[in-house]
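The primary structure of each chain is shown beneath.
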Amino acid sequence: MKKFILSILAIAAMTSCTKTSEDDVDPNAPVEIKLGGSITALSKAAVTDNTFTAQVASSETTGNYATPLWSGTNAGKITVSDGSVTFTQTEYYPNDGGTVYMKGFAPQAAINTGQVAYTISGKEDIMVTSEISGSRTDNTNKELTFNHLLTQLKFKLVAEDADAITYWGSITSITVKDVEKDLILNLNTGELTVATTSNKGNLEVSEGFTSKALTTTAVENGYIMVLPSTTAYVLNIKTTENTGGVDVTISPAVTVKGTAHEITLTFKRSEIASSAKTAPWATGDPGSGEVK
């Protein structure tokens, strides 16, 4: 009898020491939101190497970001790096099992009744994602894919010959005229539009631009990001021999969001010819034009 009792006690002790990992999981513990992130094809832009800061808007209602779920100074702020998303402030799915709807956007900015206001300088790469959703029980493989909303104008400069180099001298500035600077991103629709009150102004190309002498070999020199337009943008180009600047209407006349238009400016004796082709971000219509 003593041996039987000891055996029962030993079995009980062994059983108490072999709890499964599932027994240790608290079904009511908060579930952290974890996301992946990427950008559609990049060329030169303010956002490079697939590493950037952004923000995630949150809602309990699909397609309606007027009332955010998360609060705090760092609510929804993230860093995306090589496909991995890190929240500045840890966010959780609702304990009641409710669904969280999310939409990413960049650059980071305040959300006001589902809208984000930007005043651009030509350096900003405004992006947005499609809506994704998740919950405590649906929390894996959640990916944010950021899409460019502006169009990019990339410039190549070339002189036709030695006479043109002498005539124009070094290029000192390129300015895009009459750009809509105040823009509104509607998170519900993902559309970027001009603010209610238009604020047009000239934006000088500064990203990647260096004042330099012309050569007879086309050289990249600067880029800028502006709102896509159905009318052709006009440049004002200043040189050491033409300090007042000359206006050049560039092609294509219609610029497209997410598309980089490579504008080649050919400096000839007494005129500048403009031609264009597209490059990644996306495929768009090529074009050409000339202003005397």
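Conventions adopted
- Residues numbered from 1 in each chain as written.
- Predicted model: local features only at pLDDT ≥ 70, side-chain atom pairs only at ≥ 80, totals over all residues.
- Heavy atoms only, no water.
- Helix = DSSP H or I, 4+ residues; strand = E, 2+ residues; numbered from the N terminus.
- Buried < 20%, exposed > 50% of the residue type's maximum accessible area, 1.4 Å probe, protein only.
- Contact = heavy atoms within 4.5 Å.
- Areas by Shrake-Rupley, 256 points an atom, 1.4 Å probe, with all protein chains shown as cover.
- Lys, Arg positive; Asp, Glu negative; His and termini not counted.
- Salt bridge = Lys/Arg side-chain N within 4 Å of Asp/Glu carboxyl O.
- Polar contact = N/O pair within 3.5 Å; in protein donor to acceptor, adjacent residues only side chain to side chain.
- Core = buried A, V, L, I, M, F, W, Y, C linked by side-chain atoms within 4.5 Å.

In this section: the overall build of the protein. Along the protein, the regular secondary structure elements total 2 helices and 23 strands. The 292 residues of the protein split such that 42% are buried. In the protein, the proportion of contacts linking residues at least 24 apart, taken out of those at least 6 apart, comes to 67%. Surface exposure of the protein reaches about 14,700 Å², of which carbon and sulfur atoms provide 50%.

Moving on to the side chain of Lys103. Within the fold, Lys103 resides in strand E7 (residues 100-106). Of the side chains with opposite charge, Glu131 lies nearest to the buried Lys103, which makes no salt bridge, at 5.6 Å. Side-chain polar atoms of Lys103 contact the backbone oxygen of Asn188, separated by 3.5 Å. With residues up to four places along the chain from it excluded, the contact list for Lys103 reads Gln55, Val56, Ala57, Tyr65, Val128, Thr129, Ser130, Glu131, Leu187, Asn188, Thr189 and Gly190.

What follows covers the nonpolar core. Formed by 45 residues in total, the largest nonpolar core has its most connected members in Phe155, Leu185, Ile237, Leu265 and Phe267. Once residues lying within four places of it in the same chain are set aside, the contact partners of Leu185 are Phe105, Gly114, Gln115, Val116, Tyr118, Met127, Val128, Leu149, Gly190, Glu191 and Leu192. With 21 residues, the next largest nonpolar core counts Phe52, Trp70, Phe87 and Phe146 among its residues.

For the rest of this paragraph, the subject is the side chain of Ser58. One can find Ser58 in strand E3 (residues 51-59). From its side chain, Ser58 meets the backbone nitrogen of Leu69 in a polar contact 3.1 Å long. There is a polar contact of 3.3 Å between the side chain of Ser58 and the backbone nitrogen of Trp70. Each residue touching Ser58, except ones within four places of it in the same chain, is listed here: Tyr65, Thr67, Pro68, Leu69, Trp70, Val100 and Tyr101.

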